[in-house]
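# Observations on chain architecture
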Amino acid sequence: MKHIYLTSLCLCLGITYSLSQQLSFVEDPTAPFFDASSSRVILQDLDGDGDLDAIVAGHDAANTKYTKLYENDGNGNFTEVTGTPFAAVDYPDFAFGDVDGDGKIDIVMTGMDGVNGVTHLYKNQGNLTFTNTLNALQSVWYGAIDLGDIDGDGDLDLVLSGYQSDISTPKLFIYKNNGNGAFAAGPIMSGTMDEITSGSVKFIDADEDGDLDLLVVGLKYSPNASIAKMYMNNGSGSFTFSGSNPNPFTGTYYNSIDVGDVNNDGHLDIIITGQDDGFVRHTILYLGNGTGYTVAPISSSLLQTRNGDAKFADFNNDGNLDLIITGDGQTGAYQTKVYLGDGQAGFTEETGLGIVNIAFGKIAVGDVNGDGKVDILISGTNGDGYVAVTKLYLNDAILTPPCTPSIPSIATLSDITAECPVDLSTLTPPTSESDCDGTITGILDAYPVAYQDTTITWSYTDSEGNVVTQTQNIVITPIDNTTSVANNTITANATGNYTYYWTDCDNETVISGETTASYTPTTSGSYSVTIVSSEGCSVSSACVNISTSSLVAENASAWNMYPNPTHGALKITTNSKKENQLIKVYSVVGEVVFEKAFSGNSVSISLEKYPNGIYFIEMNGQTKKIVRN
């Protein structure tokens, strides 16, 4: 299905840049365009050579009407093409497209030739030569026109609105193309569509069903009122009013329409300018969602205008649509303003650009000199002297290529292996290399502790917001807590850089001086080993029963403690009543964390200020394990 939106497109030759400094435009003093008012300017590749040619139509300061074609040499230098057949008009409108299927861009135009309205179809013969074809299109003035394939047959059909020259009442005509650029002898009209003048018509697939719907905005008669309605296409070129309740669009005339995706959500949005029946100026941005439209909050902050134009274009090539608006505002002042888009339907005015303030004219945007930046051709009545002007502004911003996503310095990160839980905040972050920022250090979204096998993700974000991620595995291999028994000797199966603490399970006493991987009990009983790694974590084995033939009398200095485990408070009792008995509390890595001397056969101590974990209490030559939880 064909539809032409070329007046708002940038032909950037595949070059993409990002803005590196403030937007800037410089007027081209060599541009040969005639100064025009009540005018329209067009940038379009009419000879198929890959650059944008220009058309300027309107009247000059002497009220003489012209429609002139200018050829571009590819470097932004324009030369007038003489001998063209175009009607000399003001208040013009144009539509462009290949209506006869020969691969060349044809032109349909309307306007006023001084006395009457005209509508002409000019077929492109190549080499900027055009032929005015005899056609049955209705002549109109204060008209609007658009091309699009409304019936899905692969050729471009036509919508035309305006005053009918011989009646002076608004009309709206829809013509179907027979496939070779000849339009039906009579207009196809629904009979229920509002007919307008001093307005705009635009084909757009509003409901995203694959066919072109029709937006009509302008001034109608009986009653005399401005309207804005979206007519829905049934797929065969028959239109009915969408019946939205309420209708989201505000009726205006002396208006303009443009379409584009301002919030990058994949749906076409619409901007409409103009004045309503109360002579209030409007510029309203309507956000599309695929089923309807809502008014964007930014609308009230934009230049409210009539008798002007609004065009979307990416002036700073950041991938977001920007906006230029012209016309006379509510105070009557002629103005031109440029707004930079943020890609989320927000716009910020860019001041100090020096672009002429106009009304009663139009704008064209495109890359005229092949430098990859969008330029501006503008025509109309200058608000500073109320004279006709046409000016070409070249985009002079210094733009640099965008950052490409960074490349990790190490293609595949090695696994991190450990026996103990890994505090991720202690890891050395990997890096990546960016063509914009150099070395970028990886960042974890959070710094948890990995208690088991897990995969973590490092993110590298450059100054343009490009994000590259890289994963790394954390592999936890716990200490082996099993033991082996041979000839009443118990041996821990974990070998390496460990410290061992053997425990008498029957009375939960740590056996003093036994810190090797093996232990041979001298007393029948149950024994276990606590293994502490150099990383600071520990495991305990199951208790193993050992029977021996030699018994050792219980030490008169034996002692006990309770409760075990403890929340902090601990009481110790002993068979000894010696003076200055010394208690020492050790962490699992052998550090003395508490020390106290006492006399008598009992004492209370507190471990409440120490972290939960395993501790060892030494007193009277015996060491016992205590669990703080």
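Keep in mind that this is a model prediction, so the values were computed, not measured.

Each value, and the rule that gives it
Residues numbered from 1 in each chain as written. Predicted model: local features only at pLDDT ≥ 70, side-chain atom pairs only at ≥ 80, totals over all residues. Heavy atoms only, no water. Pairing = 2+ DSSP bridges. Helix = DSSP H or I, 4+ residues; strand = E, 2+ residues; numbered from the N terminus. Axes fitted to C-alpha atoms, helices over the stretch in contact; angles between N-to-C directions. Contact = heavy atoms within 4.5 Å. Polar contact = N/O pair within 3.5 Å; in protein donor to acceptor, adjacent residues only side chain to side chain. Disulfide = S-S within 2.5 Å. Salt bridge = Lys/Arg side-chain N within 4 Å of Asp/Glu carboxyl O. Buried < 20%, exposed > 50% of the residue type's maximum accessible area, 1.4 Å probe, protein only. pLDDT = per-residue confidence, 0-100. 1 Å grid on protein atoms, 1.4 Å probe; cavity = no way out; pocket = protein on both sides within 12 Å on 5 of 7 lines; lining within 4 Å. Points joined across faces, edges and corners; volume = space filled by probe spheres on them. Nonpolar A, V, L, I, M, F, W, Y, C, P; charged D, E, K, R; others polar. Core = buried A, V, L, I, M, F, W, Y, C linked by side-chain atoms within 4.5 Å. Phe/Tyr/Trp six-rings, centres within 6.5 Å; stacked < 30°, edge-to-face > 60°. Lys, Arg positive; Asp, Glu negative; His and termini not counted.

### Focus on the sheet that holds strand S31 (residues 416-418)
With mixed pairing, three strands are arranged side by side in an open sheet as S31-S37-S36. Pairing within the sheet leaves two strands with one partner each, and these edge strands are S31 and strand S36 (454-461). Each strand axis lies, on average, 25° off the axis of its neighbour in the sheet, ignoring direction. Where S36 lies against strand S37 (residues 467-476), eight bridges are found, and the strand directions are antiparallel. Paired with threonine 461 across the bridge in S37 is valine 467.

### What to know about the environment of lysine 624
Tracing the backbone through its elements, the reader meets lysine 624 in strand S52 (residues 622-628). The spacing of lysine 624 and tryptophan 559 is 65 residues in sequence and 9.6 Å in space, taken between C-alpha atoms. Ignoring sequence-local partners within four residues, the contact set of lysine 624 consists of Asn507, Glu508, Thr509, Val510, Trp559, Asn560, Met561, Tyr615, Phe616 and Ile617. Only 3.4 Å separates the side chain of lysine 624 from the side chain of asparagine 560, close enough to count as a polar contact.

### Quick word on the sheet that holds strand S42 (residues 518-519)
Reading across the sheet, the three strands line up as S38-S39-S42 and stay open at both edges, with antiparallel pairing between neighbours. The open sheet is flanked by strand S38 (483-486) and S42, the only strands paired with a single partner. Pairing analysis gives two bridges linking strand S39 (residues 489-492) to S42, with the strands arranged antiparallel. Note on S42: the bridge partner recorded for isoleucine 490 is tyrosine 519.

### Digging into the state of the cysteines
One covalent bond between the sulfur atoms of two cysteine residues makes up a disulfide. Evaluation of the coordinates by the stated rule reveals three disulfides. Covalently, cysteine 505 is tied to cysteine 543 through a disulfide, its sulfur atoms 2.1 Å apart. Taking the torsion about the sulfur-sulfur bond, which here is approximately -95°, the covalent link between cysteine 505 and cysteine 543 counts as left-handed. Residue cysteine 505 is found in the loop between strand S40 (498-504) and strand S41 (509-510), and its partner cysteine 543 is found in the loop between strand S44 (538-540) and strand S45 (544-546); the two are separated by 38 residues along the sequence.

### With respect to the pattern of salt bridges
Applying the stated criterion across every chain, the model contains 12 salt bridges. Notably, a salt bridge pairs lysine 391 with glutamate 27, separated by 3.1 Å at the nearest N-O pair. Highlighted residues: lysine 391 in strand S28 (residues 388-395) and glutamate 27 in strand S2 (residues 25-27), separated in sequence by 364 residues. Using a relative accessible area of 37% as the deciding quantity, one classes glutamate 27 as partly exposed. When salt bridges with common partners are traced through the structure, they connect Asp194, Lys220 and Lys229 into a single cluster.

### Let's talk about the confidence of the model for the protein chain
Of all residues in the protein chain, 93% have pLDDT values of 70 or greater, and the mean over the chain is 89. A low-confidence stretch, residues 550-555 (pLDDT under 50), is modelled with eight contacts involving residues beyond four sequence positions or located in other chains.

### Comments concerning the environment of asparagine 487
Looking at where asparagine 487 falls in the secondary structure, it is placed in the loop between S38 and S39. Looking at asparagine 487, the relative accessible area reads 77%, which means it is exposed. The sequence separation of asparagine 487 and isoleucine 546 amounts to 59 residues, and the corresponding C-alpha distance is 9.6 Å.

### Focus on the environment of lysine 391
Taking C-alpha positions, lysine 391 is 18 Å from aspartate 328, a pair spaced 63 residues apart along the chain. With near-sequence residues (within four places) excluded, lysine 391 lies in contact with Glu27, Val356, Ile376, Leu377 and Ile378. Within the structure, the side chain of lysine 391 is placed 3.1 Å from the side chain of glutamate 27, a separation counted as a polar contact.

### Here's the deal with unusual backbone geometry
At the junction of tyrosine 562 and proline 563, the peptide bond is cis and its omega measures out at -5° in the coordinates. With an omega dihedral of 5°, the bond running from asparagine 564 to proline 565 counts as a cis peptide bond. Within the secondary structure, proline 565 is located in the loop between strand S46 (559-562) and strand S47 (569-574). For glutamate 208, which is not glycine, the phi dihedral falls at a positive 55°. Checked against the element boundaries, glutamate 208 lands in the loop between strand S14 (197-204) and strand S15 (213-220).

### What to know about the layout of surface pockets
Here the largest pocket defines a volume of roughly 830 Å³. Along the wall of the largest pocket there are 41 residues; nearest its centre are Arg40, Pro92, Asp93, Asn255 and Lys362. At the level of secondary structure, the elements contributing two or more residues to the lining of the largest pocket comprise strand S3 (37-44), strand S7 (90-97), strand S11 (140-148), S14, strand S18 (253-260), strand S22 (306-313) and strand S26 (358-366). Its residues assigned to classes, the lining of the largest pocket shows 21 nonpolar, 12 polar and eight charged.

### Remarks on the nonpolar core
Within the largest apolar cluster, 19 residues are counted, with the highest numbers of intra-cluster contacts made by Leu23, Phe25, Phe315, Ile355, Ile376 and Ile378. When contributions to this core are tallied by element, the ones reaching two or more residues are strand S24 (334-341), S26, strand S27 (375-382) and S28. At three residues, S26 tops the list of elements feeding residues into this core.

### Section: the packing of aromatic side chains
Overall, the coordinates contain 24 aromatic pairs when judged by the stated rule. Taking 6.0 Å as the distance between ring centres and 15° as the angle between the ring planes, the aromatic pair formed by phenylalanine 94 and phenylalanine 96 counts as stacked. Plain terms: the ring middles of tyrosine 501 and phenylalanine 616 are 4.6 Å apart, the flat faces sit at 25° to each other, and that makes the pair stacked. Note that tyrosine 501 is positioned in strand S40 and phenylalanine 616 in strand S51 (residues 613-619), a separation of 115 residues in sequence. Neither tyrosine 501 nor phenylalanine 616 differs from the other in exposure class; each is buried.

### Some thoughts on the pairing of strand S16 (residues 225-233)
Burial runs high along S16: eight of the nine residues are buried. With seven bridges joining them, S15 and S16 adopt antiparallel strand pairing. Across the sheet, residue valine 217 finds its bridge partner in S16, namely alanine 228. Between S15 and S16, which pair antiparallel in sequence order, lie four residues; one of them, serine 222, sits at a positive phi of approximately 55°. In the sheet, S16 pairs with strand S17 (residues 239-241) via three bridges, with the strands oriented antiparallel. Looking at S17, one finds that tyrosine 231 is bridged to phenylalanine 241. The turn joining S16 and S17, which pair antiparallel and follow one another in sequence, is formed by five residues; a positive phi near 105° is taken by glycine 235.

### So, the pairing of S38
The pairing of S38 with S39 spans four bridges and is antiparallel. Looking across to S39, one finds that threonine 483 is bridged to alanine 492. Between S38 and S39, which pair antiparallel one after the other, the connecting turn spans two residues, and asparagine 487 there sits at a positive phi close to 55°.

### Describing the side chain of aspartate 213
Positionally, aspartate 213 belongs in strand S15. Lysine 176 is the oppositely charged side chain nearest to the buried, salt-bridge-free aspartate 213, at an N-O distance of 13 Å. A polar side-chain atom of aspartate 213 sits 2.8 Å from the main-chain amide nitrogen of asparagine 233. In contact with aspartate 213, not counting residues within four places along its chain, are Lys202, Phe203, Ile204, Asp205, Ala206, Asp207, Met230, Tyr231, Met232, Asn233 and Phe239.

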